[in-house]
Amino acid sequence: MEGSDGMQEKPSQAQGRHAAGSAAQSSRPAAQDAAKRAAQPGQAKHAGSTGAKAVDAAKKPAAKRVASGKPAVKQAAGKPAAKKTSGKRSARKRKAAAKRVAWRAGLSVLTVIGIVLVAALGAGYIGFRGPSQSLGDLLTVSMLETSALKFVPRIYYSAAEVEAIVARNEVAEFEDETDASMIVIAGPTPEPGSADAAPQSTPSPENLVSSEDGIEIYEVHGATYNGWMMIVQDPSRVTCGVCRENFSSKPGLKLHEIAERYNAVAAINGGGFSDSGGLGNGGRPLGLVISNGEVLNKASVNSDHNIVMGFNQDNVLIIGKMTSEEALKKGLRDALAFGPALVINGEAAAVSGSSSGLNPRTAIGQRADGAVLMLVIDGRQASSLGATYADEISVLLEYGAINAANLDGGSSSLMYYKGEYLNKGVLLTGSRELPTGFIVR
């Protein structure tokens, strides 16, 4: 029985081994199919796929590091590059911001300039075209005497209107010639109040600034001006100084340089010169120039500077229109040209309106006793607007002028005495370059 039972167990074990072998064989294709599915992209979505991706992600940078041959340097070098790029962007932003600020500042400046111009034009219109014709006339003739602002009146007036304004604001020309007999240098000055006396008055002592070596200097004041009067007792000391004997396009000399050229103690500016747009260099005079009896520049009878003023051999100041030949016949030793004549034979010129407006002025005259009057008035300044021709005449008559004439004015008006300028002048730089001047030796 026991033997039969043992014999029956052997088939069962064989069957078990056969079943196990079949199961193993059947599991191999299933494993192969799973491996194939895992190898195909997009079909690895199972619980272990997340770990596989993490492994792959970790492997890729390592592969790159191995491929480049720069394991850790590449990664570290990326940080400074990022900072450099960020710095460039910041610089561009700063530059753009600076441009915006500059553009806004420029726009603000242009806006301010525009507002100022509009305001100036509006104020000018009120001044020129306002209810006061006399104010418009005064502004017009004042600016017409300048070199740089002649155009301003023509902004508000037509050419015909400007001519009409000039016509009603002028100085009448004299028909009489200078009577040299009214100047008596050797004899005493006529008593005040006598028939032969000139309309003069004694200068105020409180205005006397200096009195030495035959030269007196006084301050002069008016409602719109401040200036200086120099009185030279000996007329023979007054002559014509020039920048050079042969005038040319070369720049002239400053007034003190002309004085130094002759070792003179005093000087005032003289005749006119080419000065287009206020840019003249003082090299070429306009009108007659006689120095020490020699004609250095011929007279221009038909020009605006045709009034000759000069001293003859008797040291008498002669004033009037004349050619170069006529001047020599009258015996003029030193002479210049400008104008207008202000006083002739003790009689004041007839002035209408505001004449040539308020401007810096220079004039020369002579008293009955032969003393020479040199007048310089400041203008175009807050403290001294300037003087009209009528103002000049008033001052000259007050100081006893028998004959007197206007010289070049404006920015040329200067008085020099013993190494310094007495008046302020228009220019901050001092004297302009000039061709001529009356000097005192």
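Residues numbered from 1 in each chain as written. Predicted model: local features only at pLDDT ≥ 70, side-chain atom pairs only at ≥ 80, totals over all residues. Heavy atoms only, no water.

**Notes on the pairing of strand 1 (residues 208-212)**
Our working definition: A pair of strands is considered paired only if DSSP assigns at least 2 bridges between the two. Runs of E in the DSSP output that reach at least two residues are strands. Runs of H or I that reach at least four are helices, and both are numbered from the N terminus.
Note: strand 1 against strand 2 (residues 215-221), four bridges, orientation antiparallel. Bridging across to strand 2, Leu-208 finds its partner in Tyr-218.

**Side note on the packing of helix 4 (residues 133-144) against helix 6 (residues 159-167)**
Which entries qualify depends on this criterion: An axis is simply a line fitted to the C-alpha atoms; with a helix, the fit covers only the stretch in contact. Between two such axes, the angle follows the N-to-C directions and lies from 0 to 180 degrees. Should an angle lie under 35 degrees it is considered roughly parallel, over 145 roughly antiparallel, and from 65 to 115 roughly perpendicular; all remaining angles are considered oblique. Here a residue-residue contact requires only that any non-hydrogen atoms of the pair lie within 4.5 Å. In the scheme used here, Gly and all other residues not listed as nonpolar or charged are polar, with Ala, Val, Leu, Ile, Met, Phe, Trp, Tyr, Cys and Pro taken as nonpolar and Asp, Glu, Lys and Arg as charged.
Where helix 4 meets helix 6, the closest approach of the two axes is 10 Å, and the angle between their N-to-C directions is 95°. Considered as vectors, helix 4 and helix 6 are oriented roughly perpendicular to each other. Taking contact as the criterion, the partners of Asp-137, Thr-140, Val-141 and Leu-144 in helix 4 are, on helix 6, Val-162, Ile-165 and Val-166. For the contact of helix 4 with helix 6, the per-class residue count stands at five nonpolar, one polar and one charged.

**What to know about the sheet that holds strand 17 (residues 420-421)**
Pairing is antiparallel in the open sheet, where five strands are placed in the order 4-18-5-16-17. In the strand order of this sheet, the two ends are held by strand 4 (238-242) and strand 17, each with one partner. Across two bridges, the pairing between strand 16 (residues 415-417) and strand 17 is antiparallel. Looking across to strand 17, one finds that Tyr-416 is bridged to Tyr-421.

**Re the side chain of Ser-355**
To keep things clear, this is the line we draw: Partly exposed describes any residue whose relative accessible area lies between the buried limit of under 20% and the exposed limit of over 50%, with all areas from a 1.4 Å probe on protein chains only and scaled to the type maximum.
Residue position: Ser-355 is located in the loop between strand 12 (347-348) and strand 13 (361-367). Among the residues examined, Ser-355 registers a relative accessible area of 3% and is labelled buried. When near neighbours in sequence (up to four residues on either side) are disregarded, Ser-355 contacts Val-141, Asn-169, Glu-170, Val-171, Thr-388, Tyr-389 and Ala-390.

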